Amino acid sequence: MSEEKSDEGLAVPREQHRHGQTVDDVLLDEILSSVKLPGGRRVPNRLVKVAMYEHLADFYGGPPNDAHFSLYRRWADAKWGMIITGNVQVCKDHLSLGRDMVVPTTLSEGNIRPFRQLATVIHGPQPQAPYAPLAIMQLSHCGRQSANVIGGRTPFSPPLAPSAVPLQLSSKSEDIGVVGTLLHKLMFQAPVEMSRKDIDEVVRAFVRGAELAARSGFDGIELHAGHGYLLSQFMSPKANLRTDEWSMKHGDLSLLHHIVTSIRKSEDASNHLVIGIKLNAADYVNKKQDNVTLSESDLERPLLHVIEIASWGMVDFIEVSGGDYEHPDFMNNKGPTTSQRQALFADFSQRAMQVLEARDPLAQRHADLLGIGRMSVICPDLPKRLSDHRIRGQTDVSQSGKMLFPESFASNSLRFRVETFLCSYLYFVWDLIPTPLRPRFPILIGAGVEMAKYIVAMRSLARGNKQPGTSEGIFAVVWMWLYIAPVGGSTLERRVYWAVVGGMAGIYIGIAMLIAWFAIFSSSQ
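Values in this document were obtained by computation on a predicted structure and should not be read as measured data. (Residues numbered from 1 in each chain as written. Predicted model: local features only at pLDDT ≥ 70, side-chain atom pairs only at ≥ 80, totals over all residues. Heavy atoms only, no water.)

> Help me understand the overall build of the protein chain in this model?
Within the protein chain one finds 16 helices and 16 strands. Relative to all contacts within the protein chain whose residues are 6 or more apart in sequence, the contacts with residues 24 or more apart total 77%. Carbon and sulfur atoms form 57% of the exposed surface of the protein chain, whose accessible area is close to 22600 Å². (Helix = DSSP H or I, 4+ residues; strand = E, 2+ residues; numbered from the N terminus. Contact = heavy atoms within 4.5 Å. Areas by Shrake-Rupley, 256 points an atom, 1.4 Å probe, with all protein chains shown as cover.)

Dropping the structure here:
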């Protein structure tokens with residue numbers, strides 16, 4: 001499965017004609033056709049709503065709640081072939097941005113119930129129907145990318161990682177500057193190397209997550225081995241400097257294989273559970289600032305990983321994504337790297353499919369799925385629109401795409417227009433600052449602003465808006481944090497809420513003062 005966050009496309013488009021059909025006819029028929037996974041489960045169509053971070057759980061993590069149920073009901077009603085949840089962290093002290101769903105430490109009936117309700121929502125009102133989507137729980141561990149405080153640990157407690165190698169956040173220039181360095185130190189602590197006991201506990205946590213998925217009615221899990229998270233760190237020569245049995249020389253995929261094997265041995269999560277793996281294509285390539293360079297050697301290592309994973313005979317699908325917190329391509333859809341990322345994903349996916357086609361028993365194109373990320377937020381009912389389009393006998397999607405799919409978020413609200421105007425003014429003021437005097441920020445900050453837009457939009461969908469609305473720039477970040485989970489939220493959440501309210505008021509006051517200063521300065525000239 002190929003995932004591209006901005007413009008999604010078939011992992012392996014086939015430019016062929018059937019008798020009396022155009023290329024669009026063939027592609028649309030294939031997209032809406034079912035496919036059987038190696039383990040025997042059937043996906044009703046090739047459209048997969050890939051994992052996206054929702055930021056809807058309690059602060060410091062918790063189970064799914066009414067906001068999750070409302071959001072995922074929107075996708076379930078649209079009849080996606082497979083719906084993958086956002087991060088469900090296997091360890092509560094290694095969160096991403098503080099509002100992740102978390103695997104409970106004990107699997108009691110009370111702890112399982114909210115996850116069972118989420119699985120029921122995803123399956124829809126007729127879970128046994130042939131068009132009911134598969135519900136997949138994504139299991140994650142952030143490792144060294146778990147931020148200070150909001151990552152679930154006490155202030156400046158270091159996260160765990162394969163080796164004590166800190167993150168090196170990049171900027172559009174080599175030097176992130178004083179401000180960027182300070183933000184980096186505040187956001188991320190240098191990790192400590194995991195002991196064998198730590199590794200054993202993480203393996204048990206992933207197995208417990210798979211057991212949670214099975215016992216709560218999910219059809220399967222996806223192990224997050226991309227985006228620089230813990231499993232990806234064990235596969236990375238820049239993050240894994242160990243010399244023991246979990247070192248790179250003993251096998252890049254040794255920990256991942258151990259986890260998959262342990263899950264398959266579990267009584268609750270054995271052969272019937274679909275297992276997918278999220279790989280990180282962009283982590284294998286050479287990067288220099290904003291440029292991505294591709295070579296034969298760049299693609300050789302991930303293809304070897306695909307071959308090895310396929311040889312295990314225990315994995316049903318592989319998702320291809322890219323980027324990590326050092327190079328956060330997966331968060332960002334702006335700038336010149338978009339087409340380069342697409343070229344990387346398309347090239348890797350095509351080569352991977354060629355490799356799998358040549359190997360029995362994966363010769364039936366089992367991995368040929370279409371992963372949709374941000375378009376699933378802009379157009380949550382995409383599969384239904386395509387299906388209705390085909391039923392009406394209109395298969396020329398390319399000519400009627402503007403009618404079929406909204407191009408962007410709803411932008412007719414007064415709040416959106418005001419925020420867009422204020423952001424434009426802030427950009428104008430920023431451009432007035434001489435380049436040498438501008439503070440430089442890690443690219444992760446800008447990518448996080450882009451991600452916040454989609455989090456705000458998902459919250460809009462959860463509130464029942466037909467077409468999601470969002471915010472721009474810094475206002476998206478403010479609204480992302482301006483949230484209290486359903487059922488009242490905790491005291492800590494309320495403190496955070498009012499802190500953000502105060503910060504937002506400060507931003508508006510500051511902008512008003514800048515406008516007044518600029519007006520006075522202009523009139524004096």
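> Please clarify how the packing of aromatic side chains should be interpreted in this entry.
Between two aromatic rings, the relevant description is the distance of the centres plus the angle of the planes. Taken as a whole and judged by the stated rule, the model has two aromatic pairs. Across the ring face of Trp-75, the terminal group of Lys-49 is positioned such that the distance to the ring centre comes to 4.5 Å. (Phe/Tyr/Trp six-rings, centres within 6.5 Å; stacked < 30°, edge-to-face > 60°. Lys NZ or Arg CZ within 6 Å of the ring centre and 35° of its normal.)

> How do you make sense of the environment of Leu-167 when you look at a structure like this?
Tracing the backbone through its elements, the reader meets Leu-167 in the loop between strand E9 (160-161) and helix H4 (177-187). Considering only alpha carbons, one finds Leu-167 and Ala-239, 72 residues apart in sequence, at a separation of 8.8 Å.

> Before we go on, may I ask you to explain the packing of helix H2 (residues 66-77) against helix H3 (residues 109-123) in this structure?
Two numbers describe a pair of packed helices, the interaxial angle and the distance between the axes. Two elements in contact, H2 and H3, have axes separated by 8 Å at closest approach and are oriented at 25 degrees. Our classification of the angle between H2 and H3 gives roughly parallel. With respect to the hand of their crossing, H2 and H3 are arranged in right-handed fashion. Facing His-68, Phe-69, Tyr-72, Arg-73 and Ala-76 of H2, the residues of H3 in contact are Pro-114, Gln-117, Leu-118, Val-121 and Ile-122. Among the residues making up the contact of H2 with H3, the classes are represented as seven nonpolar, two polar and one charged. (Axes fitted to C-alpha atoms, helices over the stretch in contact; angles between N-to-C directions. Parallel < 35°, antiparallel > 145°, perpendicular 65-115°, else oblique. Left-handed = near helix turned anticlockwise from the far one by under 90°. Nonpolar A, V, L, I, M, F, W, Y, C, P; charged D, E, K, R; others polar.)

> Help me out: how do you make sense of the packing of helix H13 (residues 414-432) against helix H15 (residues 473-481) in this one?
Here H13 crosses H15 at 125 degrees, and the two axes come no closer than 7 Å. When the axis of H13 is compared with that of H15, the two are oblique. Where H13 abuts H15, its residues Arg-415, Glu-419, Leu-422, Cys-423, Leu-426 and Tyr-427 lie against Gly-473, Ile-474, Phe-475 and Trp-479. When the residues that make up the contact of H13 with H15 are grouped by side-chain class, the tally is seven nonpolar, one polar and two charged.

> When you look at the pattern of salt bridges in this model, what are you seeing that I'm missing?
Should their charged atoms come close, side chains of opposite charge can pair. Enumeration over the complete set of coordinates arrives at ten salt bridges. Notably, a salt bridge pairs Arg-242 with Glu-193, separated by 4.0 Å at the nearest N-O pair. In this pair, Arg-242 sits in the loop between helix H6 (230-234) and helix H7 (254-265) while Glu-193 sits in strand E10 (residues 192-193), placing the two residues 49 residues apart along the sequence. Between Lys-384 and Asp-388 there is a salt bridge, with the nearest N and O atoms lying 3.1 Å from each other. Placement of the pair is Lys-384 and Asp-388 together in helix H11 (residues 382-391), with a separation of four residues, close to one helical turn. Look at Lys-384 and you get partly exposed, because its relative accessible area is 43%. Via salt bridges that share partners, Glu-193, Arg-242 and Asp-244 belong to a single interconnected network. (Salt bridge = Lys/Arg side-chain N within 4 Å of Asp/Glu carboxyl O. Buried < 20%, exposed > 50% of the residue type's maximum accessible area, 1.4 Å probe, protein only.)

> How do you make sense of H7 when you look at a structure like this?
Taking 1.5 Å as the rise per residue, H7 with twelve residues should run 16 Å; its terminal C-alpha atoms sit 16 Å apart, in good agreement. By the criterion of burial, H7 is predominantly enclosed, with nine of the twelve residues buried. Of the residues making up H7, those classed as buried are Ser-254, Leu-255, Leu-256, Ile-259, Val-260, Thr-261, Ser-262, Ile-263 and Arg-264. (Expected span 1.5 Å × (residues − 1).)

> Could you clarify how one ought to interpret the environment of Val-48 in this entry?
Tracing the backbone shows Val-48 in strand E4 (residues 47-49). The spacing of Val-48 and Lys-79 is 31 residues in sequence and 9.9 Å in space, taken between C-alpha atoms.

> For this particular structure, what's the right way to read the pairing of strand E11 (residues 220-224)?
Note on strand geometry: in a regular strand, side chains alternate between the two faces of the sheet. Of all the five residues making up E11, five are buried; the element is thus mostly covered by neighbouring parts of the structure. The two faces of E11 match: Gly-220, Glu-222 and His-224 on one face and Ile-221 and Leu-223 on the other face are all buried. Relative to E11, strand E8 (residues 134-140) runs parallel, the two sharing four bridges. Bridging from a neighbouring strand, Leu-139 pairs with Leu-223 of E11. With five bridges joining them, E11 and strand E12 (residues 274-280) adopt parallel strand pairing. Note on E12: the bridge partner recorded for Leu-223 is Ile-277. (Pairing = 2+ DSSP bridges.)

> Is there a simple way to explain unusual backbone geometry in this structure?
What is expected of a backbone is that most residues other than glycine have negative phi and most peptide bonds are trans. Unusually for a residue other than glycine, His-55 sits at a positive phi of about 60 degrees. Among the residues examined, His-55 registers a relative accessible area of 0% and is labelled buried. Even without glycine at this site, Lys-79 takes up a positive phi of about 65 degrees. For Lys-79, the location among the structural elements is in the loop between H2 and strand E5 (82-84).

> What is the right way to read the pairing of strand E15 (residues 317-321) from this model?
Where burial is concerned, most of E15 is hidden: five out of the five residues are buried. Here E15 shows a buried face lined by Phe-317, Glu-319 and Ser-321 and a second buried face lined by Ile-318 and Val-320.

> Got a minute to help me understand a nonpolar patch on the surface in this structure?
Residues Phe-156, Leu-182 and Leu-186 make up a contiguous nonpolar surface patch of roughly 310 Å² in combined accessible area. Considering the arrangement of structural elements, one finds Leu-186 in helix H4. (Patch = residues over 30% accessible without salt bridge, like charges linked within 9 Å, V, L, I, M, F, W, Y side chains within 5 Å.)

> I keep staring at the environment of Phe-317 and nothing clicks. Help me out?
Mapped onto the elements, Phe-317 comes out in strand E15. The class for Phe-317 is buried, based on a relative accessible area of 1%. In the structure, Phe-317 is positioned 42 residues away from Ile-275 in sequence and 7.0 Å away in space, judged by C-alpha atoms.

> Would you mind going over the side chain of Ser-266 with me for this structure?
When you line up the elements, Ser-266 lands in the loop between H7 and E12. At 2.8 Å, the side chain of Ser-266 and the side chain of Glu-211 are in polar contact. A polar contact of 3.4 Å, which involves the side chain of Ser-266, links it to the backbone nitrogen of Asp-268. Excluding residues within four positions of it along the chain, Ser-266 makes contact with Val-207 and Glu-211. (Polar contact = N/O pair within 3.5 Å; in protein donor to acceptor, adjacent residues only side chain to side chain.)

> So what exactly am I meant to see when it comes to H2 here?
Residues separated by three or four positions in an α-helix point in the same direction, a consequence of the helix having 3.6 residues per turn. Across its twelve residues, H2 extends 16 Å between first and last C-alpha, which sits within 8% of the 16 Å expected from 1.5 Å per residue. For H2, the N-terminal capping position is held by Asn-65, with its side-chain oxygen 2.9 Å away from the main-chain nitrogen of Ala-67. The first or second residue beyond H2 is Lys-79, which carries a positive phi of 65 degrees.

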